[in-house]
Amino acid sequence: MGARTPLTFRAEDRDALSRDRYTHPDPRVQCRMEVLWLISPGETQARAGILAGVSKATVERYVAIYRARGVAGLREFHWVKPVSALEAHRTSLEESFQKNPPHTVAEARDRIPALTGLRRGDSQVRSFLKRACG
């Protein structure tokens, strides 16, 4: 394995790391900033991980993000949340349930297959109803 290029930090990057490690609204971003802020004056990655309470692999991920996209990349998260198949039928389900409200989750669960062709369990139906009907 070849030697890695040492990390270099511009003054404005160090300022942003210092500021955002405490003030950014997302605690995950604060952690990322803390790790890179510790590395910026010369702390080793291993020691920065110990001080920040994250694993070596996590430190390596943060460093890779910084190398690829800089401080702005540390602020980004691109997580994809799964979407229920029931969401495609939200409008028709809402109309049906408003016309004839189900009295229980089990009743809603039993009516959904006739309306959509989808079978779902009680917990999925309950979760959908909370999102759809507030």
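Let us look at the structure shown here. Quick caveat, the model's predicted, so the values are computed rather than measured.

Mapped onto the elements of the fold, T116 is located in helix α6 (residues 105-116). Judged by relative accessible area, which is 14%, T116 ranks as buried. Aside from chain neighbours lying at most four places away, what touches T116 is H89 and L93.

By size, the foremost hydrophobic cluster in this structure holds 18 residues, and its most contacted members are L36 and I39. Counting residues per element, the ones that place at least two in this core are α1 (11-23), α2 (27-39) and α4 (56-74). Considering each element in turn, this core owes the most residues, seven residues, to α4. Every residue in contact with L36, bar those within four places of it in the chain, is listed here: L7, F9, L17, Y62, V63, Y66 and L74. One finds L93, V105, L118 and L129 within the second-largest nonpolar core, a separate group that totals eleven residues.

This next bit is on the environment of G121. Note on placement: G121 falls in the loop between α6 and α7 (122-133). A relative accessible area of 32% means that G121 is categorised as partly exposed. Remark: the alpha-carbon pair of G121 and R109, spanning twelve residues in sequence, is separated by 6.9 Å.

This brings us to the packing of aromatic side chains. The full count for this structure, using the stated rule, is one aromatic pair. With a centroid separation of 5.0 Å and an interplanar angle of 20 degrees, the aromatic rings of F9 and Y66 are classed as stacked. With F9 in the segment before α1 and Y66 in helix α4, this pair connects stretches of sequence that are 57 residues apart. Note on accessibility: F9 and Y66 belong to one class, buried. Note that R28 overlies the ring of F77, its terminal NZ or CZ placed 4.6 Å from the centroid. In this arrangement the basic side chain of R32 is found over the ring face of F77, its NZ or CZ atom lying 4.0 Å from the centre.

Where α2 meets helix α3 (residues 45-52), the closest approach of the two axes is 9 Å, and the angle between their N-to-C directions is 140 degrees. In terms of orientation, α2 lies oblique with respect to α3. Seen from above, α2 lies across α3 with right-handed handedness. Residue-level inspection shows E34, V35, L38 and I39 of α2 in contact with α3, the latter providing Q45, A48, L51 and A52. Taken together, the residues of the contact of α2 with α3 break down into six nonpolar, one polar and one charged.

Scoring rules and cut-offs
Residues numbered from 1 in each chain as written. Predicted model: local features only at pLDDT ≥ 70, side-chain atom pairs only at ≥ 80, totals over all residues. Heavy atoms only, no water. Helix = DSSP H or I, 4+ residues; strand = E, 2+ residues; numbered from the N terminus. Buried < 20%, exposed > 50% of the residue type's maximum accessible area, 1.4 Å probe, protein only. Contact = heavy atoms within 4.5 Å. Core = buried A, V, L, I, M, F, W, Y, C linked by side-chain atoms within 4.5 Å. Phe/Tyr/Trp six-rings, centres within 6.5 Å; stacked < 30°, edge-to-face > 60°. Lys NZ or Arg CZ within 6 Å of the ring centre and 35° of its normal. Axes fitted to C-alpha atoms, helices over the stretch in contact; angles between N-to-C directions. Parallel < 35°, antiparallel > 145°, perpendicular 65-115°, else oblique. Left-handed = near helix turned anticlockwise from the far one by under 90°. Nonpolar A, V, L, I, M, F, W, Y, C, P; charged D, E, K, R; others polar.

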